Amino acid sequence: MGIDRTYHAVHKSLDYTGGNAALRWDWALGRQWSGQFGHEQREALAGFDEFIGATQSVNIFRKSMASADYWWLPDWAVGGGVMRLSSRFRDNARPESEYDADVVDLNLAYRPVSGNRVMLSMRSTDGRYANRPAVAGSMRDYEQREVRLGAEWQATGKLRLTGYVGRTQREYAFASNRDFEGATGRLALTWAATGKTTVDLSLRREIGAEEDVVANYAITEAINLRPVWAITDKLAFGTEFELRRRDFGGNAGDPAFTGTPVAGEERSYLYGLSLNYRPLRSTTVSLGLARRIRTAGDPLREFDADTARISARMAF
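Structure report, in brief. As the structure is a computational prediction, the values presented were derived from the model and not from experiment.

## Quick word on the overall build of the protein chain
Here is step 1 of the chain: A count of helical and extended segments in the protein chain gives 0 helices and 16 strands.
Here is step 2 of the chain: Looking at the protein chain residue by residue over its 316 residues, the buried ones come to 37%.
Here is step 3 of the chain: Taking contacts inside the protein chain between residues at least 6 apart in sequence as the whole, the part at least 24 apart equals 49%.
Here is step 4 of the chain: Working note: accessible area of the protein chain is about 18000 Å², and carbon and sulfur atoms make up 59% of it.

Listed below in structure tokens is the structure:
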């Protein structure tokens, strides 16, 4: 559970207090059955990556899930899961961007005694932007099919790999010209360079990721580099660099989309500093400064943003 407060230097009407909460139950039945039940909700002010202008848009995202695995051998399991996703905007601020999605997974998992894990997954998603009309050319209803190979793998004592690679196919009921098929994935590499220094490198290429609260066609490609230096056992200093490209080609010309039309691609660059202090084993206080620059074909969508954050986390 967490609470977020956002302040703006100029547009004070955009200031907002939101938060997030999550519940998760890991269950097991004997030695062969295990799984999860969970629910989470995030309420946050949508950022400038999503909208133009100084109108407050508060996104409420909910996710409910259940899963079960049957370990038919000590190292091998078959299983599945279901998920329900919902995205809404307070005060009906962005009705054309609200959506629901039902997700079904089938999995084959391998988990050796080392604790590493490899999983082959097939995922089916049925989604709908209910406030868009059912007319030709509208990106209202879609079906998405994915095949993924994922892993959580400690390659060496200093190198760990997590994430997935796969192929995604999305088909729209009323806009077949917006269909997508291609490679997708999200990979994170953690390198413990020394006893006090770690480097995190992440790569991703996705369509309609959870971060993209508006654009159901946004193809996002990003690379993020985050070195961290542990100054002491309680104090750590980090830097962050990110390059992100988003292709919004699917929104151009959509007769059902009443928001700000987006065409072509955008690029954003982020660099920042952070300081984490852990006075107790269960408590972490974080400070951060960052600058993001976005370039786009439409000058109205270009911006520079300087942000500062402070957060505290307690584990019970």
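There is more to say after this.
## Details of the packing of aromatic side chains
Here is step 1 of the chain: In total, this model carries 6 aromatic pairs according to the counting rule given.
Here is step 2 of the chain: Measuring from centroid to centroid gives 6.4 Å for Trp 27 and Phe 37, while their planes differ by 25°, and the two rings are stacked. Here Phe 37 lies in strand 3 (residues 33-45) and Trp 27 lies in strand 2 (residues 16-29), a separation of 10 residues in the sequence.
Here is step 3 of the chain: Pairing Trp 76 with Tyr 110 gives two aromatic rings, centres 4.8 Å apart and planes at 35°, and the pair type is tilted. Within this pair, whereas Trp 76 is found in strand 5 (residues 76-89), its partner Tyr 110 is found in strand 6 (residues 99-110), the two being separated by 34 residues in sequence.
Here is step 4 of the chain: By the ring-pair criterion, three or more aromatic residues cluster together here, those being Trp 25, Trp 27 and Phe 37.
Here is step 5 of the chain: One Lys or Arg, Arg 111, reaches over the ring of Trp 71 and ends 4.0 Å from the middle of that ring.

## Thoughts on unusual backbone geometry
Here is step 1 of the chain: Even without being a glycine, Asp 91 presents a positive backbone phi close to 60°.
Here is step 2 of the chain: For Asp 91, the location among the structural elements is in the loop between strand 5 and strand 6.

## Things to note about the environment of Leu 108
Here is step 1 of the chain: Position of Leu 108 relative to the elements: it lies in strand 6.
Here is step 2 of the chain: Take Leu 108: its relative accessible area is 33%, and that puts it in the partly exposed class.
Here is step 3 of the chain: With 29 residues separating them in the primary sequence, Leu 108 and Gly 79 have C-alpha atoms 6.6 Å apart.
Here is step 4 of the chain: Beyond its immediate chain neighbours, meaning those up to four positions away, Leu 108 contacts Trp 76, Ala 77, Val 78, Val 118, Met 119 and Leu 120.

The rules behind the values
- Residues numbered from 1 in each chain as written.
- Predicted model: local features only at pLDDT ≥ 70, side-chain atom pairs only at ≥ 80, totals over all residues.
- Heavy atoms only, no water.
- Helix = DSSP H or I, 4+ residues; strand = E, 2+ residues; numbered from the N terminus.
- Buried < 20%, exposed > 50% of the residue type's maximum accessible area, 1.4 Å probe, protein only.
- Contact = heavy atoms within 4.5 Å.
- Areas by Shrake-Rupley, 256 points an atom, 1.4 Å probe, with all protein chains shown as cover.
- Phe/Tyr/Trp six-rings, centres within 6.5 Å; stacked < 30°, edge-to-face > 60°.
- Lys NZ or Arg CZ within 6 Å of the ring centre and 35° of its normal.

Scope: geometric values only; no functional claims are made or implied.
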